[in-house]
Every structure is written in C-alpha cells, then in structure tokens.
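# Structure at a glance
Here's the letter readout for the chains.
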Amino acid sequence: MSAIRKFDEGRLATVLVAPIISEKATRLGETQNQVLFKVLRDATKPEIKAAVELMFKVEVASVTTLVQKGKVKRFGRSTGRRDHVKKAFVALKPGQELNFSGEAA
C-alpha cells in the first residue's frame, strides 16, 4: 500500500476509465486471474497499479498495457477516426478477487 502514497488520490480516481467486460476478459479472469480496464492514455503502469489497489482494496501482481489504435470509419461522405484506447491488463496476486459491486473481497 506504500505505492498509493506517491500519487495524488484525485488523479488515481480518474486513471481507471471503465472495466472491459468481454469474452476475452472473462476468460483471462478465470484462467490467469487478470482484469481488463480502459485507462487514460497518459496513465503509467505504477499509477494504474496504485489506482486498482486504492479503489478495489486488492493486491496487484503486475500491469501490462497496450494502446489500441482507433479505426478509420466513414460517416456518410467524410471519413473520420475513432479515438485511440489504452487498455490495462491487471494481474492480481493469488487469492485476490475483484468484484465490480464496490465491496472488497
């Protein structure tokens, strides 16, 4: 929990944008005890780890991130691009569990 004190709690509250609920995310949760989050594009791995530990009261083993480039889409005649999205794969330590109802496990 010492990692949380290095960061501003107001910033940590905004780092996690939304959990990603998909078939792949569910499979990773069951097999590898990982949780997927959509995070801010400028968020760092230590910030993401501290934010998850602060918000959900769990211990994080590791954080892996990737930036998914936005698709180019057509809107009528004109073309546009969706926003880039940064995803975080958060691996929890053995015995830790994360539920999105807001109560600690």
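Residues numbered from 1 in each chain as written. Predicted model: local features only at pLDDT ≥ 70, side-chain atom pairs only at ≥ 80, totals over all residues. Heavy atoms only, no water.

### Some remarks on the overall build of the protein chain
Of the regular secondary structure elements, the protein chain holds three helices and six strands. Secondary structure elements of the protein chain occur, N-terminal to C-terminal, as α-β-α-β-α-β-β-β-β. Within the protein chain, counting contacts between residues at least 6 apart in sequence, those at least 24 apart form 61% of the total. Counting only carbon and sulfur atoms, one obtains 50% of the accessible surface of the protein chain, whose full area is about 7,000 Å². (Helix = DSSP H or I, 4+ residues; strand = E, 2+ residues; numbered from the N terminus. Contact = heavy atoms within 4.5 Å. Areas by Shrake-Rupley, 256 points an atom, 1.4 Å probe, with all protein chains shown as cover.)

### Thoughts on the sheet that holds strand E2 (residues 34-39)
In spatial order, the strands read E1-E2-E6-E3; together these four strands make up an open sheet with antiparallel pairing. Pairing within the sheet leaves two strands with one partner each, and these edge strands are strand E1 (16-19) and strand E3 (60-68). Shown here is a sheet whose adjacent strand axes are inclined to one another by a mean of 30°, direction ignored. Inspection of the sheet shows E1 paired to E2 by three bridges, in the antiparallel sense. Looking across to E2, one finds that Pro 19 is bridged to Phe 37. The strands that helix H2 (residues 23-32) touches are E2 and strand E6 (85-92); relative to E2, the one it contacts most, it runs at about 140°. Of the strands in this sheet, E1, E2, E3 and E6 touch helix H3 (residues 45-56), which is tilted by about 120° from E3. (Pairing = 2+ DSSP bridges. Axes fitted to C-alpha atoms, helices over the stretch in contact; angles between N-to-C directions.)

### Structural notes on the pattern of salt bridges
Under the definition given, this model contains three salt bridges. Close ionic contact of Asp 42 with Arg 11 constitutes a salt bridge, the shortest N to O distance being 3.4 Å. Here the residue Asp 42 occupies a position in the loop between E2 and H3, and Arg 11 occupies one in helix H1 (residues 9-15), the gap between them amounting to 31 residues. On the accessibility criterion, Asp 42 (52% relative accessible area) is exposed. Judged by its relative accessible area of 24%, Arg 11 is partly exposed. One connected set of salt bridges, linked through shared partners, spans Arg 11, Asp 42 and Glu 47. (Salt bridge = Lys/Arg side-chain N within 4 Å of Asp/Glu carboxyl O. Buried < 20%, exposed > 50% of the residue type's maximum accessible area, 1.4 Å probe, protein only.)

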